[in-house]
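One letter stands for each residue in the lines below.
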Amino acid sequence: MDQNGFTLAENRTALVSIRIPAEDLSNPASPVLTAAKELRYYLGRITAASIPVLAADDPEGPAKAISLGAASGLDVSSCSEDGFIIEADSDSVKIGGGKRGVLYGVYDLLERLGCRFFTPLCEKVPTDPGLSIPPIRAKEEPVFEFRRHNYADIEQYPRFAAKRRFNGAGRIPERLGGNLTYAMHVHTFDQLVPARVYGKDHPEYFAEVNGKRVTTDGGRTQLCLSNPDVLALVIEKTREFLRSHPGHRLMSISQNDWGGNCTCENCKRIDEEEGSSSGTLLRFVNAVAEALEPEFPDIVFDTLAYTYSRPAPKYVRNRKNVCVRLCSIECCFCHPFDACDDESRGVMRPDGTRSNFITDLREWGKICDRMYIWDYTTCFAHYPTPHPNWRILARNAQLMAENNVKGVFEQANGASRGGVDFNELRAYLVSKLLWDPYCDIETHRREFMEYFYGPAAEALDEYLNLLCDTCGERGDHVGFNDNPLHGFLEEDMLDRYNALFDRAAEAVKGDPVRLARVEKNRLSIRWVALKRKTMLRGEYDAEEINRFFGDWKAFGLSRIDEWCNVETTHRALLEGKWRGVEYFDHWTGEAPEDLG
Ligand SMILES: [Zn+2]
Ligand SMILES: [Zn+2]
């Protein structure tokens, strides 16, 4: 027996029990009960012993205990919902924390014992029948209160979302700690005051652009935010919606997903005074939040600082129940926010000057005590395209932390139902960074690569480095929605990338699981090569196109493009179009026929 640690089992017989309060033991919705079951499951796998989960006051079972939640006796009054404390010595192990904190603490303990939760379908769990828990004194709090990405692994596997400590993703049941959900998620103006309903009788509710009210049916307009009737209507519609959709934490009152903000005399005057179109917007959202606070004291009213409303206002400040989500959609994603010299990515202020993202982040950081970031981690026009953002993930997360950001949503390619372009790795790194932007990200990256890709890791590392180096050398800037035309995607480089994939495949040729992972990532190179060959050189090979889409689907992948299904993308390439989205009716937003 290890004198310095807490030994769990001997000869496959448990020496300890897991103890939780009796009320958690009898409550299937208790995250503390889930924490106990998870601990039993993983410790059982490690030690091959069956460690009992018992009520704290149960006289049966081993007296030596791992105590969770209130059974730990730890003072957790300083912990947030996600924070936790672990104390371990040779006599006892205690884990306490907030609503989700105990479960997070259990996963943290398991990671300290050598477990790794890389993806929902790939975990590393050591086998060690003589395992003993070393002395631990730890207290952890996340840097960001709201953490979400939407890679498919989180949306489809809530248990994995809890393991990766995402509290804003999809729908996480109460037994896994629940999550911070939006009643309405984003771009809600047209849901609250539809142009097709009010446009005809009340053109004054809608944005005036170039001297004319835009009341287009289908919603390509914004609201006139200085109109008191619009305010009253939004308050009432929001009240109705929240009454019929209880149980949420956030409610978005936000501009539609296009430009065209109101420039009527009143809106223009306020925006000019505030130096940004966020002026009218934030005054409006504050007024909604103030009116609804008495009935909904726990709801946070959220809005966007997005495109025309991105720069911070000079005077108005968010109420305590208002959150501002600053969006990085114009940014370049191969340079950190503070190190890109592409001036064309700035947005226009009302006075005609331009503001870049890092300025907006810093300005909002000074004035806003609840700022979330909506950031982008893939190419939305071509999900498979290699997205060379590997070297900016940590720096950007640190810039967010240093500028008073409280929550982060990393928008990804959930719609493609899985990983290509190393998205499993990206999702793992994002999860580590949103918990702690200053974590040892290189170690996390290396551990993932070595386990997930095995002997192929070396060649694949070389590929990812070559990708980022070439991007720098060829002076590329990379947007969220580009066609695959960048210098780092030219044919000479595609050949070199392919050679590295050949090397990676050779290294794992006897390991079908890892070989499949290599070939799935190679789809990125195949896609770009096919696209460039067909579209740029007119070298049209229907059989090759059909083969690509067959392989894409065989890996369980779905959409290639944010806006249309994979069949439409397939048809588009056969017909020589850059994107299936070209079939869309941009005015009505009507999608092409969906084959399912
Ligand atoms: Zn107006
Ligand atoms: Zn750049």
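What counts and how
- Residues numbered from 1 in each chain as written.
- Chains lettered and ligands numbered in written order.
- Predicted model: local features only at pLDDT ≥ 70, side-chain atom pairs only at ≥ 80, totals over all residues.
- Heavy atoms only, no water.
- Axes fitted to C-alpha atoms, helices over the stretch in contact; angles between N-to-C directions.
- Helix = DSSP H or I, 4+ residues; strand = E, 2+ residues; numbered from the N terminus.
- Parallel < 35°, antiparallel > 145°, perpendicular 65-115°, else oblique.
- Contact = heavy atoms within 4.5 Å.
- Nonpolar A, V, L, I, M, F, W, Y, C, P; charged D, E, K, R; others polar.
- Pairing = 2+ DSSP bridges.
- Buried < 20%, exposed > 50% of the residue type's maximum accessible area, 1.4 Å probe, protein only.
- Donors = N, O, S within 2.8 Å, 3.2 Å for Na, K, Ca; no water.
- Tetrahedral: all angles 85-135°; square planar, octahedral: opposite > 155°, others 65-115°.
- Salt bridge = Lys/Arg side-chain N within 4 Å of Asp/Glu carboxyl O.

**As for the packing of helix H9 (residues 265-274) against helix H10 (residues 278-292)**
Where H9 contacts H10, the axes come no closer than 7 Å and their chain directions differ by 105°. In terms of orientation, H9 and H10 fall into the roughly perpendicular class. On H10, the residues touching Cys-267, Ile-270, Asp-271, Glu-273 and Glu-274 of H9 are Gly-279, Thr-280 and Arg-283. Residue classes in the contact of H9 with H10 are distributed as two nonpolar, two polar and four charged.

**Focus on the sheet that holds strand S16 (residues 250-252)**
Taken together, six strands build an open sheet; the order of strands is S13-S22-S21-S18-S17-S16 and the sheet is parallel. The strands lining the two open edges of the sheet, one partner per strand, are strand S13 (146-149) and S16. The sheet shows a mean angle of 25° between the axes of neighbouring strands, direction not considered. Sheet analysis places S16 next to strand S17 (residues 300-305), joined by three bridges and oriented parallel. The partner of Ser-252 across the bridge, within S17, is Asp-302. The strands touched by H10 within the sheet are S17 and strand S18 (322-327), with S17 carrying the most contacts at an inclination of about 170°.

**A closer look at the pairing of strand S6 (residues 65-68)**
Burial along S6 is two-sided: Ala-65 and Ser-67 and Ile-66 and Leu-68, pointing in opposite directions, are all buried. Bridge count for strand S4 (residues 17-20) against S6 is three bridges, and the pairing is parallel. Each bridged residue has a counterpart across the sheet, and for Ser-17 the counterpart in S6 is Ala-65.

**Focus: the environment of Leu-464**
Positionally, Leu-464 belongs in helix H15 (residues 457-473). Considered as a pair, Leu-464 and Pro-388 are 76 residues apart in the sequence and their alpha carbons are 7.8 Å apart. Among residues more than four places away in sequence, those in contact with Leu-464 are Trp-390, Phe-422, Leu-425, Arg-445 and Met-449.

**Describing the sheet that holds strand S7 (residues 84-88)**
Spatially, six strands are ordered S5-S4-S6-S8-S7-S12 in an open sheet, and the strand pairing comes out mixed. Edge positions in the open sheet fall to strand S5 (53-55) and strand S12 (136-140), since each of these has one partner strand only. On average, each strand axis in the sheet is tilted by 15° relative to the strand beside it, whichever way the strands run.

**Focus on the coordination of the zinc ion (ligand 2)**
Looking at the metal site, the zinc ion (ligand 2) is ligated by Cys-332 (SG), His-335 (ND1), Cys-340 (SG) and His-477 (ND1), spaced 2.1 to 2.3 Å from it. If you look at the zinc ion (ligand 2), its four donor atoms make angles of 98 to 123° with each other, and the shape they trace is tetrahedral. Spacing between the donor residues of the zinc ion (ligand 2) along their common chain follows C-x2-H-x4-C-x136-H. Judged by relative accessible area, which is 3%, Cys-332 ranks as buried.

**Details of the environment of Lys-531**
Here Lys-531 lies in helix H17 (residues 512-537). Lys-531 sits 167 residues away from Trp-364 along the chain, and the two C-alpha atoms are 40 Å apart. In this structure Lys-531 touches His-382, Pro-484, Leu-536, Leu-573, Lys-577, Trp-578 and Arg-579, once residues within four positions along its chain are discounted.

**Quick look at the coordination of the zinc ion (ligand 1)**
Coordination of the zinc ion (ligand 1) by the protein involves Cys-224 (SG), Cys-262 (SG), Cys-264 (SG) and Cys-267 (SG), with metal-donor separations of 2.3 Å. Coordination at the zinc ion (ligand 1) comes from four donor atoms whose angles at the metal span 106 to 113°, giving a geometry best classed as tetrahedral. Of the residues examined, Cys-224 reaches a relative accessible area of 2% and is grouped as buried.

**So, helix H19 (residues 566-574)**
Where H19 is concerned, the buried positions are Val-566, Thr-568, Thr-569, His-570, Ala-572 and Leu-573. Taken together, the buried residues of H19 touch H17 and helix H18 (542-554). Looking one or two residues beyond H19, the residue adopting positive phi is Gly-576, at roughly 75°.

**Quick look at the pattern of salt bridges**
Per the stated rule, a full pass over the model turns up 52 salt bridges. Two residues, Glu-293 and Lys-320, come together in a salt bridge whose shortest N-O distance is 2.7 Å. Note that Glu-293 is positioned in the loop between H10 and S17 and Lys-320 in the loop between S17 and S18, a separation of 27 residues in sequence. Between Asp-492 and Arg-474 there is a salt bridge, with its nearest N and O atoms 2.7 Å apart. Residue Asp-492 is found in helix H16 (residues 491-507), and its partner Arg-474 is found in the loop between H15 and H16; the two are separated by 18 residues along the sequence. Using a relative accessible area of 33% as the deciding quantity, one classes Arg-474 as partly exposed. Here the salt bridges share partners, and the residues they tie into one network are Asp-108, Glu-111, Arg-112, Glu-140, Arg-164, Arg-165 and Lys-432.

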